[in-house]
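Below, each chain spelled out in residue letters.
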Amino acid sequence: QKQQRDIDDNNKCTSILKSLLCIFPKVEPLPWNTFTFLFLWCIIPPACYIIFFTQMGFGENIYYVISDKFGNYAYSLALGLLASVLGLYMFDAECWSGKLALVFLDVCIMAIVLGVVLL
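Residues numbered from 1 in each chain as written. Predicted model: local features only at pLDDT ≥ 70, side-chain atom pairs only at ≥ 80, totals over all residues. Heavy atoms only, no water.

## Here's the deal with the packing of aromatic side chains
Here comes step 1: Per the counting criterion, the structure on display carries four aromatic pairs.
Here comes step 2: Here the aromatic rings of W32 and F35 are separated by 5.9 Å at their centres, their planes lie at 90°, and the arrangement is edge-to-face. A residue pair is termed a helical-turn pair when its members lie 3 or 4 positions apart in one helix, as W32 and F35 do in helix 2 (residues 32-53) at three residues.
Here comes step 3: What links up through ring pairs into an aromatic cluster is the set W32, F35 and F39. (Phe/Tyr/Trp six-rings, centres within 6.5 Å; stacked < 30°, edge-to-face > 60°. Helix = DSSP H or I, 4+ residues; strand = E, 2+ residues; numbered from the N terminus.)

Below, the structure is given as structure tokens:
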């Protein structure tokens, strides 16, 4: 009976592993230089957030400078962001395929994200 229970436990483990393998794709090892590049590239956004927007970094100073100096421009910034998003939507920016158009679209998206962060 104990032997049957061990076999059942192994079958359950095997079935769980099979179901997980169906969900997750096959993992292949990355070369070290690719892994290092991706690791460093993924560090940039959280490091910038910690430096610029938290009390550990300069977040408090940046918040007060933005609110004191540029607080009056919040509605203008929001209106400009809305107009730029609407303009990109009206010109079907998602269908642009030229190299220069894609660079322009990337710059516009970065400006919109920066504007939303500053609001």
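## A look at the nonpolar core
Here comes step 1: Among the nonpolar cores identified, the biggest contains six residues, and these are L81, L88, A93, L105, C108 and I112.
Here comes step 2: No other element matches helix 5 (residues 99-118), which puts three residues into this core.
Here comes step 3: Setting aside its immediate chain neighbours within four residues, A93 contacts L88 and L105. (Core = buried A, V, L, I, M, F, W, Y, C linked by side-chain atoms within 4.5 Å. Buried < 20%, exposed > 50% of the residue type's maximum accessible area, 1.4 Å probe, protein only. Contact = heavy atoms within 4.5 Å.)

## Section: the packing of helix 4 (residues 74-90) against helix 5
Between two packed helices, what matters for the description is the angle formed by their axes and the separation of those axes.
Here comes step 1: The contact between helix 4 and helix 5 brings their axes to 10 Å, and the two run at 150°. Put simply, helix 4 runs roughly antiparallel to helix 5. At the point where helix 4 passes helix 5, the crossing takes the left-handed sense. Contact residues: helix 4 offers L77, L81, S84, V85 and L88, while helix 5 offers L105, C108, A111, I112, G115, V116 and L118.
Here comes step 2: Tallied by class, the residues present in the contact of helix 4 with helix 5 amount to 10 nonpolar, two polar and no charged. (Axes fitted to C-alpha atoms, helices over the stretch in contact; angles between N-to-C directions. Parallel < 35°, antiparallel > 145°, perpendicular 65-115°, else oblique. Left-handed = near helix turned anticlockwise from the far one by under 90°. Nonpolar A, V, L, I, M, F, W, Y, C, P; charged D, E, K, R; others polar.)

## Some words on unusual backbone geometry
Here comes step 1: Phi is positive for D92, which is not a glycine, with a value near 50°.
Here comes step 2: Judged by its relative accessible area of 44%, D92 falls in the partly exposed class.

## Some remarks on a nonpolar patch on the surface
Here comes step 1: A cluster of nonpolar residues, L30, W32, F35, F37, L38, F39, L40, W41, I43 and I44, forms a patch on the protein surface that exposes about 1,100 Å² of accessible area.
Here comes step 2: Considering the arrangement of structural elements, one finds W41 in helix 2. (Patch = residues over 30% accessible without salt bridge, like charges linked within 9 Å, V, L, I, M, F, W, Y side chains within 5 Å. Areas by Shrake-Rupley, 256 points an atom, 1.4 Å probe, with all protein chains shown as cover. Salt bridge = Lys/Arg side-chain N within 4 Å of Asp/Glu carboxyl O.)

## Examining the side chain of T54
Here comes step 1: Summarising the element assignment, T54 is placed in the loop between helix 2 and helix 3 (59-70).
Here comes step 2: In contact with T54, not counting residues within four places along its chain, are Y49, G59 and E60.

## Quick look at helix 2
Here comes step 1: Counted at 1.5 Å a residue, the expected span for helix 2 with its 22 residues is 32 Å, and the 32 Å between its end C-alpha atoms agrees.
Here comes step 2: The principal kink in helix 2, of about 30°, is found at I44, preceding the proline P45 by one to four residues. (Expected span 1.5 Å × (residues − 1). Bend = angle between axes of the 7 residues up to and from the residue.)

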